[in-house]
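Secondary and tertiary structure notes
The chain contents come next:
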Amino acid sequence: MSNDAQQKPIVVIAERLSDATVDALGPDFDVRHIDGTDRSALLSSLNDAAAILVRSATKVDAEAIAHAPNLQIVARAGVGLDNVDIPASTAAGVMVVNAPTSNIISAAELAIAHILSLARNLPAANDSLKAGEWKRNSFTGVELYEKTVGIVGLGRIGVLVAERLAPFGVKLIAYDPYVSPARAAQLGVELRDLNELMAEADFVTVHIPRTPETVGLIGEEQLAHAKSNLRIVNASRGGIIDEEALAAAVSSGTIAGAGLDVFVQEPPADTSLTGIDGIQVTPHLGASTEEAQEKAGIAVAKSVRLALSGDLVPDAVNVAGGDIHKYVRPGIPLAEKLGQFTAGLVDGPVEAIDVEVHGELVEYDVKVLRLAVLKGFFSSIVSEQVTFVNAPVIAEGRGVTSELRAEALSERFRNEITVIAAGSDGKRHSVSGTLTGPKQIQKLTGINAHALELPLEDHHIVLQYVDRPGIVAIYGREFGEDGVNIAGMQIARTEAGGSVIAVVTVDQAVENELLERIGEQISAESIRQIQLRDL
């Protein structure tokens, strides 16, 4: 090996990627190919690596990160990041990137393939004919023309599906509480609530992220509203449709059929779902096209080039990258969580998401904090990966404006970030936060003009009610009787007998039935569960 090659940054490719991926890296790196599933080979290769490119088989966990003192970036040539330890990477200052838009066309086309296949009974007809049978009358299907198709989630993939289904002459309806009627009308789609959509649709296709709020979103109650000819497709994430309820609905004839590309457990543990007549299945093929794989490889190769040259990396999921001052960087994950928190408070489409930065931070370039807020806000709303670059595009596509305002004066803290979301219904929600102490603890400092100061954790319950004696005892008792441990709590009011906002920190997610019960008992104006995660 020449001295020149030795001086080049080492890039490890741990799985088979397209030749175009290597070409996109260019000649400026010492590229080494290994088998990432060979643990000893992986760990030894990381000793002097600046970057590693993987797909889904290589586990880049905390142990691997610990063996990589010079590692700057982990690049996953695909959408999911289950095989990469993001917290460990972040703690070590290692950037993690993926290819969030590489598969959106492939995923949309697969959903439509499932719809068409269900409509014409293709799997059963294929199996029958290959078994030597000729049963034309057994496989009579239906046309899409003049049918009603319900789209659950109008993110980028949902919109692509709508655009591709429109020429079939279908009526398009959708459920997406964060999309305004005006935006839906631009797409040629009519909005419905979920039960209305389930009752009206002949076909339903799901395109939303899997979050604690969307797990089991379509279950026994929703399927009971459906017409007997409903055919439902999930090529998004496993668990959004309750698998047990779906199996029962298809087996009993409550609905006509289902097409599934994703499952709660992959591969499925048994055939209790996959073996049912009327349910057609594929093994998570949403991104499994030559085009999607090549796009993913090229995208992450470009990210590696950017990261190793010190430029802003659009598809970074844990660090914004680029020329961001070290004083600003700790505010990025805080801004992301404030965006998530705000999204948890709103209950409908928004027209604006503005960000205010107060304090010493304004001496630096803080534009990335607005991007971080948008990334956090939309991360639990849309099905695609949200990044620092596409977050404004997602906002614009939904008719949402966003401004950044900076002011040196900060009344309570050295620095404070505030997110203000203006709803289409005229309601405004504001959430503020700061970083305190040597460890830069993330704290919530205000909600809707109510001053607070408590650490941001994974699970919060936000209650709003009229101030009066005995209310805390009621919801404290209800949480206790349901086995929910309260880790912390703070109550804020503007005046005695006025409106109260209480933020309760709990150790785990809370059942919606419990929250509804508490809301009724205290006559809550609102009660929201907020679940935060590291992005």
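What counts, and at which threshold
Residues numbered from 1 in each chain as written. Predicted model: local features only at pLDDT ≥ 70, side-chain atom pairs only at ≥ 80, totals over all residues. Heavy atoms only, no water. Helix = DSSP H or I, 4+ residues; strand = E, 2+ residues; numbered from the N terminus. Buried < 20%, exposed > 50% of the residue type's maximum accessible area, 1.4 Å probe, protein only. Contact = heavy atoms within 4.5 Å. Areas by Shrake-Rupley, 256 points an atom, 1.4 Å probe, with all protein chains shown as cover. Lys, Arg positive; Asp, Glu negative; His and termini not counted. Charge placed at Lys NZ, Arg CZ, Asp CG, Glu CD. Salt bridge = Lys/Arg side-chain N within 4 Å of Asp/Glu carboxyl O. Polar contact = N/O pair within 3.5 Å; in protein donor to acceptor, adjacent residues only side chain to side chain.

Below, the discussion takes up the overall build of the protein chain. Scanning the protein chain from terminus to terminus reveals 18 helices and 22 strands. Taken along its principal axes, the extent of the C-alpha atoms in the protein chain is 80 × 75 × 45 Å. Put simply, the protein chain has 535 residues, and 51% of those count as buried. Residue pairs in contact within the protein chain that sit at least 24 positions apart in sequence constitute 64% of those at least 6 positions apart. For the protein chain, the exposed surface amounts to about 24,000 Å²; the carbon and sulfur share of it is 49%. Measuring between centres, the 44 positive side-chain charges of the protein chain sit 3 Å from its 71 negative side-chain charges.

On to the side chain of Glu416, then. Considering the arrangement of structural elements, one finds Glu416 in strand 15 (residues 415-423). Buried charge without a salt bridge: Glu416, with Arg412 as the nearest opposite-charge side chain at an N-O distance of 4.3 Å. Polar contacts involving the side chain of Glu416 include one to the side chain of Thr445, which spans 2.5 Å.

Once that is clear, we can look at the environment of Asn234. With respect to the helices and strands, the residue Asn234 is situated in strand 10 (residues 231-234). Residue classification places Asn234 among the buried residues on the basis of a relative accessible area of 2%. Taking the C-alpha atoms as reference, Asn234 lies 24 Å from Ala185; in sequence the two are 49 residues apart. Dropping the residues within four chain positions of it, Asn234 is found in contact with Val206, Ile240, Ile241, Gly259, Leu260, Asp261 and Val262. One polar contact links the side chain of Asn234 to the main-chain carbonyl oxygen of Arg237, over a distance of 2.9 Å.

Before going further, it helps to spend a moment on the pattern of salt bridges. Using the criterion set out here, one finds 24 salt bridges in the structure. Here Asp467 and Arg493 are joined by a salt bridge, their closest N and O atoms 2.6 Å apart. With Asp467 in the loop between strand 19 (459-466) and helix 17 (471-481) and Arg493 in strand 20 (residues 486-493), this residue pair connects regions lying 26 residues apart in the sequence. According to the relative accessible area criterion, Arg493 is partly exposed, its value standing at 49%. A salt bridge links Arg477 to Glu478, with the nearest nitrogen and oxygen atoms 3.7 Å apart.

The values are spatial; any link to function lies outside them.
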